[in-house]
Amino acid sequence: MEEEMKILIVDDEERIRRLLKMYLEKENFVIDEAADGNTALDKALTTDYDCIILDLMMPGKDGVEVCKELREKKATPVIMLTAKGEEANRVQGFEVGADDYVVKPFSPREVVLRVKALLRRASTTSYLHTNASAKDMIVYPHLVIDNDAHRVTADGKEVNLTPKEYELLYFLAKTPDKVFDREHLLKEVWHYEFFGDLRTVDTHVKRLREKLNKVSEKAAKMIVTVWGVGYKFEVKPE
């Protein structure tokens, strides 16, 4: 683990911040803290963190509001901390762009593992342990996905995606023309049988299309809605 990897822990309970800080510092992460949503958003927008651990329920701005405003400017990976019984809020958290969640009370070791897993998917550093001589790339007209570098370009311009947006695009693009229903996408991309709110998929598809469309309308149109079923990745002849 590279020492300069920085994590922002956001929770209004000092006890939780201290506990997570202790465990993450053992893994050589550099830790910053915030006790409320407003402070968290200020820090997140002015500092480039590798990951943000964000409590859902906080005074001032809650975690959903912070994540929503952050996503307008940055694609920093976000793990949401939620209490049991906040299922509807968790759904909302995924809809505004959270990448993972951990339910309180939690094991600090589980949070460390979730952080590492998220960074493995999001990082472009040597922490990925990729083999440069065997490039994992998907190349289509108007769209290139370099999975080793976790980089997407559309018509030669880089597209800045969150980890979940990237995973969704990669999953669809590696099996063109195959239709996936929303339940299958939830299981494969979010890795949960979880509460099954299908709006999570729809919201991410919408955001993914919007980001692609800003640089390439043709790339955005590759993600096709199959009405009444789900989505597929379609490459149309030029």
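An unreviewed UniProt entry lists the protein chain under the name Transcriptional regulatory protein resD, with Bacillus smithii 7_3_47FAA given as the organism. We quote the UniProt Subcellular location (unreviewed entry) comment for the protein chain here in full: "Cytoplasm".

Structural notes on the environment of R109
Among the secondary structure elements, R109 is positioned in helix α5 (residues 108-122). Along the backbone, R109 and Y23 are 86 residues apart, and their C-alpha atoms lie at a distance of 7.3 Å.

Digging into the confidence of the model for the protein chain
A residue-level look at the protein chain finds 87% of positions with pLDDT of 70 or above and a mean pLDDT of 84. Confidence, expressed as mean pLDDT per element, reaches its minimum in the protein chain at helix α4 (residues 87-95) with 72 and its maximum at strand β1 (residues 6-10) with 96. Segment residues 124-134 is flagged for pLDDT under 50; beyond a separation of four residues in sequence, or across chains, it makes 15 contacts in the model.

Structural notes on the pairing of strand β7 (residues 143-146)
Judged from the 4 bridges that link them, strand β6 (residues 137-140) and β7 form a sheet pairing that is antiparallel. In the sheet register, Y140 faces β7, and the bridge partner there is L143. Where β6 hands over to β7, the hairpin turn is made up of 2 residues, of which H142 adopts a positive phi near 80°. By the bridge criterion, 4 bridges tie β7 to strand β8 (residues 151-154) in an arrangement that is antiparallel. The partner of I145 across the bridge, within β8, is V152. Where β7 folds back onto β8 in an antiparallel hairpin, the turn is made up of 4 residues, including H150, whose phi is positive at roughly 55°.

Analysis parameters
- Residues numbered from 1 in each chain as written.
- Predicted model: local features only at pLDDT ≥ 70, side-chain atom pairs only at ≥ 80, totals over all residues.
- Heavy atoms only, no water.
- UniProt positions renumbered as here; feature names shortened; annotations may be inferred.
- Helix = DSSP H or I, 4+ residues; strand = E, 2+ residues; numbered from the N terminus.
- pLDDT = per-residue confidence, 0-100.
- Contact = heavy atoms within 4.5 Å.
- Pairing = 2+ DSSP bridges.

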